[in-house]
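Results of the structural survey
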Amino acid sequence: MIFSNMTIKKARELMDNNELKSSTLVDYYLDNISKENKDLNAYLSVFSDEARREALETDERLSRGENPGVLAGIPIAVKDNILVRGYNATAGSKILENYVASYDATVVRKLKDAGAIILGKTNLDEFAMGSSCEQSAFGPTKNPRNREYVPGGSSGGSACAVAGEFALAALGSDTGGSIRQPASLCGIVGLKPTYGRVSRSGLIALASSLDQIGPMTKNVYDAALLLSVISGHDVNDATTLPGEKFELNEDMFSGNIEGLKIGLPQEYFIEGIDSRVGQIIEKASKDLEARGAKLYPVSLPHTKYGLATYYIILPSEASANLARFDGIRYGYSVARTEQGRSARTEQGRSANNSSDKNMWDIFIDSRSHGFGDEVRRRIILGTFALSSGYYDAYYNKAQLVRALIRRDFIEAFKKVDVLLTPTSPTLPFKFGEKTDDPLAMYLADVYTVSANLAGIPGISLNAGEVEGLPVGLQLLAANKNEDILVKVANAYEQIYNQ
Ligand code: GLN
């Protein structure tokens, strides 16, 4: 059976009517994975046996008339920086290659409580640093829409899993665009919730003031549904908003956007944008206008400082978060490897004997061998920005500019309900195109990082294609206004599919 048009919503209806079995759906994805994952590399680990067993159990429970939850029997992929108890969580890094999670992330526990079946863990740029999935220590993931192209990043494995028929939906994480940009490049829906909406407990931290976990799905309804399951206050994450669980309502899916105000930030449509992307996004705005929305030009004057601010704050926080990977407490350690012995002998710092390493050698060698280039680059940048004498000039200044960026959005949302922009300034790019030029790679996130700096929610959905390559549309809303995002995104989806 082919399920390429399947969504969570449809699968639920079919399963509830006894027209589809969870085990059939799980087998379909596992079969696709076994045929294609070798080439596409969407998954780093696949939980075949457990997924099959759980699917059969769910089928039995459903046939007995039980209700195992809103996601009963739904196969979902999880990015490999989110912990699933008893399984590896590598974060795409050699330093965590053999790390096994000892507990479930809150989002994973919530998925399981809702009856979902976790199919496996998906590939990502190392520690979620990157925009192409080329920085994974376990090889790149390919874009299932065209295998010569990157799937975007850092949640490239999750995007590939959903777009390539290897899961019905997935979780990603978004620190500067890592859900929205790969969703855009693979032609699916990706939603970054408001900061604090979803617990980060059990997410391997990149930059704690920016990180959010969110859904990657085939349509807007599924994204909203998953968000309703994973959101809410969590005692294990003090940054979660008290009582803020996201709930679905009928108005969100009415398609009625009469009188809704959509802002077009002028700064997002100028420098660096591929004109073919610009045209598609402009057409999307006109389509929404034809449905009754009102378009307004708006200005977010500090947009031009977004990337520079992000690339001070992110490395600073990342350098602190990654300090725990020291070759002693977690994962890879030269103290336990042959490689450590030879590396150390080469450098002539100690004898060919693992027992006489001093502590600093273990730190330095483990981190040098365990982390990849991009991670080391950012640790160095962040450590520098936080060092005494430079802290005020860089980190503090970046925090001040961050406040201005946040204020731009607050002002804009006094005038409009949502902002409409491209997700990515360019079409998907080919492997190797940006790997030698970190700045070119960083520019892939020029439209996405500001939402993280401001803490506001954003969604990316497909708005068209150029030469078979998807182009994503981004909608941004004020804090906690995911309902408006979903409403406009869903209305656009209706227009696009008609
Ligand atoms: N691509 C951006 C970066 O490299 C965003 C990462 C993310 O959202 N995790 O930092």
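Now for a quick tour of the structure. Note that the structure is predicted; figures quoted are calculated from it, not measured.

Glancing now at the layout of surface pockets. Computed from the structure, the largest pocket encloses a volume of approximately 480 Å³. Along the wall of the largest pocket there are 20 residues; nearest its centre are Val189, Lys218, Asn219, Glu493 and Asn497. Those elements that provide at least two residues to the lining of the largest pocket are helix H5 (156–163), strand E10 (458–466) and helix H16 (482–497). The element that contributes the greatest number of residues to the lining of the largest pocket is H16, accounting for 5 residues. Residue composition of the lining of the largest pocket, by class: 9 nonpolar, 6 polar and 5 charged. Roughly 380 Å³ of internal volume is contained in the second largest pocket. Class assignment of the residues belonging to the lining of the second largest pocket gives a composition of 8 nonpolar, 3 polar and 4 charged.

At their nearest, the axes of helix H9 (residues 306–321) and helix H12 (residues 373–386) sit 7 Å apart, and the two run at 100 degrees to each other. With respect to each other, H9 and H12 are oriented roughly perpendicular. Across the interface between the two elements, Tyr311, Ile312, Leu314, Pro315, Ser316 and Ser319 of H9 pack against Arg378, Ile379, Leu381, Gly382, Thr383, Ala385 and Leu386 of H12. Of the residues belonging to the contact of H9 with H12, the class tally is 8 nonpolar, 4 polar and 1 charged.

Attention now moves to the site of the ligand. Neighbouring the ligand are 16 residues, the closest being Thr175, Gly176, Ser178, Tyr310 and Asp445. In the environment of the ligand, an oxygen atom lies 2.8 Å from a nitrogen or oxygen atom belonging to the backbone of Gly130. For the ligand, whose unbound accessible area comes to 290 Å², protein coverage reaches 100%. Ranked by the residues each element gives to the shell around the ligand, the list is headed by H9, at 3 residues. Of the residues belonging to the shell around the ligand, the class tally is 6 nonpolar, 7 polar and 3 charged.

Let's shift gears to the sheet that holds strand E2 (residues 75–79). In space, the 11 strands of this open sheet follow the order E1-E3-E2-E4-E6-E5-E10-E11-E9-E7-E8, with mixed pairing throughout. Every interior strand has two partners, whereas the edge strands, strand E1 (43–46) and strand E8 (294–298), have only one. The sheet shows a mean angle of 30 degrees between the axes of neighbouring strands, direction not considered. Direction of pairing for strand E5 (residues 189–192) relative to strand E6 (residues 212–217): antiparallel, over a ladder of 2 bridges. By the bridge assignment, Val189 is partnered in E6 with Thr217. Of the strands in this sheet, E1, E2 and strand E3 (117–122) touch helix H2 (residues 22–40), which is tilted by about 20 degrees from E3. Its contacts with the sheet place helix H3 (residues 48–63) against E1 and E3, and it is angled at close to 160 degrees to E3.

Bringing the pairing of E2 into the picture now. Within E2, 5 of the 5 residues are buried, which leaves it mostly tucked inside the rest of the structure. With burial as the criterion, each face of E2 is covered, one bearing Pro75, Ala77 and Lys79 and the other bearing Ile76 and Val78. Where E2 lies against E3, 5 bridges are found, and the strand directions are parallel. Directly across from Pro75, in E3, lies its bridge partner Ile117. Handedness of the crossover joining E2 and E3 through helix H4 (residues 106–113): right-handed. Pairing geometry for E2 and strand E4 (residues 169–174), over 3 bridges, is parallel. Counterpart to Ala77 in the pairing with E4 is Ala170.

Each value, and the rule that gives it
- Residues numbered from 1 in each chain as written.
- Predicted model: local features only at pLDDT ≥ 70, side-chain atom pairs only at ≥ 80, totals over all residues.
- Heavy atoms only, no water.
- 1 Å grid on protein atoms, 1.4 Å probe; cavity = no way out; pocket = protein on both sides within 12 Å on 5 of 7 lines; lining within 4 Å.
- Points joined across faces, edges and corners; volume = space filled by probe spheres on them.
- Helix = DSSP H or I, 4+ residues; strand = E, 2+ residues; numbered from the N terminus.
- Nonpolar A, V, L, I, M, F, W, Y, C, P; charged D, E, K, R; others polar.
- Axes fitted to C-alpha atoms, helices over the stretch in contact; angles between N-to-C directions.
- Parallel < 35°, antiparallel > 145°, perpendicular 65-115°, else oblique.
- Contact = heavy atoms within 4.5 Å.
- Near = heavy atom within 4 Å.
- Polar contact = N/O pair within 3.5 Å; in protein donor to acceptor, adjacent residues only side chain to side chain.
- Areas by Shrake-Rupley, 256 points an atom, 1.4 Å probe, with all protein chains shown as cover.
- Pairing = 2+ DSSP bridges.
- Buried < 20%, exposed > 50% of the residue type's maximum accessible area, 1.4 Å probe, protein only.
- Right-handed = clockwise from strand over helix to strand, strands pointing away.

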